[in-house]
Amino acid sequence: MTSSASTVARSYTVADFDFPLPPELIAQHPAPERSASRLLDGTGPAPVDRVFRELPTLLRDGDLLVFNDTQVVKARLFGQKASGGQLEMLIERVLLPHEAMDGSAHEVVAHLRVSKKPQPGGRLHMAGGVTAGGFDAVFLGRWPDEQGQLFRFRLQGPAGETPYELMARHGHVPLPPYITHADEADDERRYQTVFARVPGAVAAPTAALHFDEAVLAALEARGVLRASVTLHVGAGTFAPMKAGRIEDHVMHHERYAIPPETLQAIADCHSRGGRVVAVGTTTVRTLESWARSSQTQGDTNIFITPGFDFRVVDLMVTNFHLPQSTLMMLVSAFAGHDHIRALYDHAIAQRYRFFSYGDAMLLQRA
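Residues numbered from 1 in each chain as written. Predicted model: local features only at pLDDT ≥ 70, side-chain atom pairs only at ≥ 80, totals over all residues. Heavy atoms only, no water.

Buried residues dominate helix 7 (residues 326-335), accounting for 10 of its 10 residues. Those residues of helix 7 not exposed but buried are Thr326, Leu327, Met328, Met329, Leu330, Val331, Ser332, Ala333, Phe334 and Ala335. Phi for glycine 336, located one or two positions after helix 7, is positive at around 105°. (Buried < 20%, exposed > 50% of the residue type's maximum accessible area, 1.4 Å probe, protein only. Helix = DSSP H or I, 4+ residues; strand = E, 2+ residues; numbered from the N terminus.)

Have a look at this one:
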């Protein structure tokens, strides 16, 4: 199942979503406390500087917060070819049994950084290989087809472990490319939300990293309800736009699921006049995909650009995004291009911290 929607305002170009960012504003580590991050309140005509723990005061009794409960897996793995050449693998997706060539739960698709790509049937020795306590990866072909950018592997551990078990034992936290340090012990805890439940993401739903138990308790006390969706964030979220024109960009696919209780919570929220508050662009993409396809699970490659008609989400909590990225286009579609540019100019002038470990914004649908 695929959900795809794109309405491109022809007056915009990729350059319209560019901005100069001082590199020192790219956060390399999270704030000491999750809710101590800054929050730029962009719901009014002028920006207001706040602290994230103030978020409950900006919401109302009867509003509904929708989170992405995906769990980041330790998807970055290191190994070597049979010839001894070093390689790096980033597992993008663990295939479901009905997607696997042999019907098992041991096949994955991955990005591969290696000097020479393997031949079908070739064996890569990951974390030392089976004989050294690691595992082997047998190359099965390109994915999703012969021209695909990803590679399909069957993982073989010494005790028949699942890919998730092998990643948990041998993998590294897949930090974004703009974080320059290798993953550390604290990253395993902080590059994960406090309500992560369903393993499968290779990137965190970063707007949700600011929530801690104190903020969740304050939201509950205020009468703000909670629901969840699952979208397994892929590495494509960091991919730069290569197309010269917005409408020529090909979006990556990500797997999502929405439980029946969340659909009921959204219907109840709207019927009582409450607002649906999406935590992160991944939640926005999930909900708006469902609104167009009526599919509660499957793959989405929805591409949200200015001119898009939002059908579900009223408010959004989000971090600051990469220049010329699809996520810059999404937030511009949601809150208005000029308004977003003004908020980003303010954030840079006020030295907000950017990207995954950075600060957050609260936006209202234009």
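The next thing to look at is the packing of aromatic side chains. By the definition in use, this model includes 19 aromatic pairs. When the ring of phenylalanine 67 is compared with that of phenylalanine 195, the centres are 4.3 Å apart and the planes differ by 55°; the resulting orientation is tilted. Of this pair, phenylalanine 67 sits in strand 4 (residues 64-68) while phenylalanine 195 sits in the loop between helix 3 (185-190) and strand 12 (198-201), placing them 128 residues apart in sequence. Among the residues examined, phenylalanine 67 registers a relative accessible area of 3% and is labelled buried. With relative accessibility at 14%, the residue phenylalanine 195 sits in the buried group. With a centroid separation of 5.9 Å and 70° between ring planes, the pair formed by tyrosine 344 and phenylalanine 354 is classed as edge-to-face. Of this pair, tyrosine 344 sits in helix 8 (residues 337-349) while phenylalanine 354 sits in the loop between helix 8 and strand 18 (360-364), and the two are 10 residues apart along the sequence. (Phe/Tyr/Trp six-rings, centres within 6.5 Å; stacked < 30°, edge-to-face > 60°.)

Here the focus is the packing of helix 6 (residues 281-293) against helix 7. It is the contact of helix 6 with helix 7, at a shortest axis distance of 11 Å, that shows an interaxial angle of 70°. Judged by the inter-axis angle, helix 6 sits roughly perpendicular to helix 7. The element helix 6 and its partner helix 7 pack so that their crossing is left-handed. Note on element contacts: helix 7 touches helix 6 through Leu327, Leu330 and Val331, opposite Thr281, Val284 and Arg285. Taken together, the residues that form the contact of helix 6 with helix 7 break down as four nonpolar, one polar and one charged. (Axes fitted to C-alpha atoms, helices over the stretch in contact; angles between N-to-C directions. Parallel < 35°, antiparallel > 145°, perpendicular 65-115°, else oblique. Left-handed = near helix turned anticlockwise from the far one by under 90°. Contact = heavy atoms within 4.5 Å. Nonpolar A, V, L, I, M, F, W, Y, C, P; charged D, E, K, R; others polar.)

Limitation: the analysis is restricted to geometry and does not speak to function.
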